[in-house]
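# Chain and residue survey
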Amino acid sequence: MGEAKRRKTALGEKYGQEFRILPWIPITKTQADKFLRLTTRFSWFGIGLMVLIWLTIRFIGPVFGWWEVVG
């Protein structure tokens, strides 16, 4: 008997279903992984936007004469 068959007989109806992270939180491991990937992607977009704004304020604006940097 293979490991998969043993696991199937041991788990019964729960075989093939995803497990929750915690029993009282209705979030599966797959959903948590997708959420982590999404938040990581948005974090990188935010960091890139912050760098772009900083470059505009520090260098691009003064070069075009939009404002002067004091300091």
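Residues numbered from 1 in each chain as written. Predicted model: local features only at pLDDT ≥ 70, side-chain atom pairs only at ≥ 80, totals over all residues. Heavy atoms only, no water.

### Things to note about the confidence of the model for the protein chain
Taken as a whole, the protein chain shows an average pLDDT of 88; of its residues, 99% reach a score of 70 or greater. The element-level mean pLDDT for the protein chain is lowest in strand β1 (residues 20–22), coming to 79, with helix α2 (residues 29–63) highest at 95. (pLDDT = per-residue confidence, 0-100. Helix = DSSP H or I, 4+ residues; strand = E, 2+ residues; numbered from the N terminus.)

### Regarding the pairing of strand β2 (residues 25–28)
With two bridges joining them, β1 and β2 adopt antiparallel strand pairing. Residue pairing for β2: Leu 22 is matched across the bridge by Ile 25. Connecting the antiparallel pair β1 and β2 is a turn made up of two residues. (Pairing = 2+ DSSP bridges.)

### What to know about the packing of aromatic side chains
Summed over all chains, the structure comprises three aromatic pairs. Considering the side-chain rings of Phe 64 and Trp 66, the 5.4 Å spacing of their centres and the 25° angle between planes classify their relative orientation as stacked. Trp 66 sits in the exposed class, given a relative accessible area of 52%. Arranged with centres 5.9 Å apart and planes meeting at 50°, the rings of Trp 66 and Trp 67 form a pair that is tilted. (Phe/Tyr/Trp six-rings, centres within 6.5 Å; stacked < 30°, edge-to-face > 60°. Buried < 20%, exposed > 50% of the residue type's maximum accessible area, 1.4 Å probe, protein only.)

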